[in-house]
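# Reading the structure
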Amino acid sequence: MKYLSCNIGGVVIGHGHPIAVQSMCDTDTMDTIRSVAQCRDLAAAGCDIIRLTTQGPRQVEALAQIKARLRADGIATPLVADIHFNADAALAAALVAEKVRINPGNFSKDHAVAMAKFAELLEICRDNGTAIRIGLNHGSLGERITSQYGDTPLGMVRAVMEWLQVCVEKEFYNVTVSLKASNTKVMADAYRLLRRTMEDELGMVFPLHLGVTEAGAGDTGRIKSAVGIGTLLSEGIGDTIRVSLTENPVNEVPVAQKLRDLAGSKAPEGTTDFCIDAADREDFLVKASYMIGPALLDGRIDDFNLKATIAGRDLTEEEISSFKDDLMQACRRRFTKPEYIACPGCGRTLYNIQNLLKEVMEATKEFAGVKIAVMGCIVNGPGEMADADFGYVGEGGGKVTLYKGPEPVMRGIPQEQGVEKLVELIRNSI
């Protein structure tokens, strides 16, 4: 089997190379001062690759300024331009960033046009030594794919394989791939299937970028991320990782580093009694979720016993019980609390999503088993909250849209009324 590698400004990922830790700025890219400062903080925390949202030509120009200032400061951390729908922005960003993140299917509703733009992008990246991440997320597949395969792991894999076939035909291999989902089971199944499909149909394996989208914040965000990413890392799948938390992005880095350190280890098959010794609470959450989560996620065990210490202190039965509830929910086995699907925020987010998530969680904590999404904008929001029962999505201009399932049911709501209206919507619907 041929294992490919991807070179992002000197950081090489792929089989046999260290797992790289990534994060993404939540600043407005046009605010170059704040963006540079956050990049400095991420680099100091040990982040290997940094991504910034790059919606259009003005953001590409700002990204060039950010890069120049960082390089002048001696910070060589590679930068990734995050592109969604603007093919021309991707072409321009490929001249600036060390890597461009795209979903080529979003370049045009006309598949032939999207293919042509993608081929053009490959040539620019080849000429400039720029890497590409083909990033397809659950819930963001086009109708052409979902009409054949549904919004499923198979659909995700078939969609990305179309673009990888183009890369192979054009002999462009400086590529990494992601198939993220907020549902940990969907996420794990999609990556496993993609790995097998690349082996069977291409005879080569492109590097894989792992992540659980919209994991949320706090304990549950860390647990959910550790379950999804950890399940794959324990199987030797994954070359670079990003933990998406609705917090300061710097907080994502140590969680990802802990997962990287655990990669390849696993609990013996059939284990139901676990003992975890941790240095601090975050260390406990990551280790316990990594060691126990895979067997729960795949249905190999139905329950477990846990003894744990944090800095030498034994966890109480109440603490163990609360963790077990959160882990069971992250593994899609038992739902005892609301589940929150929340994006980490980026330069497109026009309100304080971290504070808003806390407000939503407090106001909706009575709705056990209900899946509630809090999304920063409409670029990814409606698609990536595909599993949610209800959603709160920023419109911009101080307005929000509320969703019931995949359908918008209340538009143009003043942001200050959004949480109250969301609670009313949920109460009137369940």
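The preceding data block contains the structure.
Below you will find a few notes about this structure. Note that the structure is predicted; figures quoted are calculated from it, not measured.

### Regarding the environment of Thr184
Mapped onto the fold, Thr184 is located in helix 7 (residues 184-202). You can call Thr184 buried: its relative accessible area is 0%. Along the chain, Thr184 and Gly221 lie 37 residues apart, while their C-alpha atoms are 12 Å from each other. Once you skip the residues sitting within four places of it in the chain, Thr184 turns out to touch Val212, Lys224, Val227, Gly228, Leu297, Ala330, Cys331 and Arg332. Among the polar contacts made by the side chain of Thr184, one reaches the main-chain carbonyl oxygen of Ala330 at a distance of 2.6 Å.

### Examining the pairing of strand 7 (residues 99-102)
Of the two faces of strand 7, the one holding Lys99 and Arg101 and the one holding Val100 and Ile102 are both buried throughout. When strand 6 (residues 79-82) meets strand 7, the two strands line up parallel, connected through three bridges. Each residue of the ladder has a partner; that of Val80, found in strand 7, is Lys99. Handedness of the crossover is the feature at issue here: the chain leaves strand 6, passes through helix 3 (residues 87-93), returns alongside strand 7, and the resulting connection is right-handed. With four bridges joining them, strand 7 and strand 8 (residues 131-137) adopt parallel strand pairing. Note that in strand 8 the partner of Arg101 across the bridge is Arg133. Note on the crossover from strand 7 through helix 4 (residues 111-128) to strand 8: the handedness is right-handed.

### With respect to the nonpolar core
Within the largest apolar cluster, 109 residues are counted, with the highest numbers of intra-cluster contacts made by Ile134, Phe284 and Leu306. When residues no more than four places from it in sequence are discounted, the contact partners of Leu306 are Phe274, Ile276, Phe284, Ile292, Ile320 and Phe323. Counting 28 residues, the second-largest nonpolar core is a separate cluster that includes Ala217, Val370, Ile372 and Val374.

### So, the packing of helix 8 (residues 218-233) against helix 11 (residues 317-330)
Helix 11 packs onto helix 8 with a crossing angle of 50° between their chain directions and a minimal axis gap of 9 Å. Comparing their axes, helix 11 and helix 8 come out oblique. Seen from above, helix 8 lies across helix 11 with right-handed handedness. Contact residues: Thr220, Ile223, Lys224 and Val227 in helix 8; Phe323, Asp326, Leu327 and Ala330 in helix 11. Partitioning the contact of helix 8 with helix 11 into residue classes produces five nonpolar, one polar and two charged.

Parameters at a glance
Residues numbered from 1 in each chain as written. Predicted model: local features only at pLDDT ≥ 70, side-chain atom pairs only at ≥ 80, totals over all residues. Heavy atoms only, no water. Helix = DSSP H or I, 4+ residues; strand = E, 2+ residues; numbered from the N terminus. Buried < 20%, exposed > 50% of the residue type's maximum accessible area, 1.4 Å probe, protein only. Contact = heavy atoms within 4.5 Å. Polar contact = N/O pair within 3.5 Å; in protein donor to acceptor, adjacent residues only side chain to side chain. Pairing = 2+ DSSP bridges. Right-handed = clockwise from strand over helix to strand, strands pointing away. Core = buried A, V, L, I, M, F, W, Y, C linked by side-chain atoms within 4.5 Å. Axes fitted to C-alpha atoms, helices over the stretch in contact; angles between N-to-C directions. Parallel < 35°, antiparallel > 145°, perpendicular 65-115°, else oblique. Left-handed = near helix turned anticlockwise from the far one by under 90°. Nonpolar A, V, L, I, M, F, W, Y, C, P; charged D, E, K, R; others polar.

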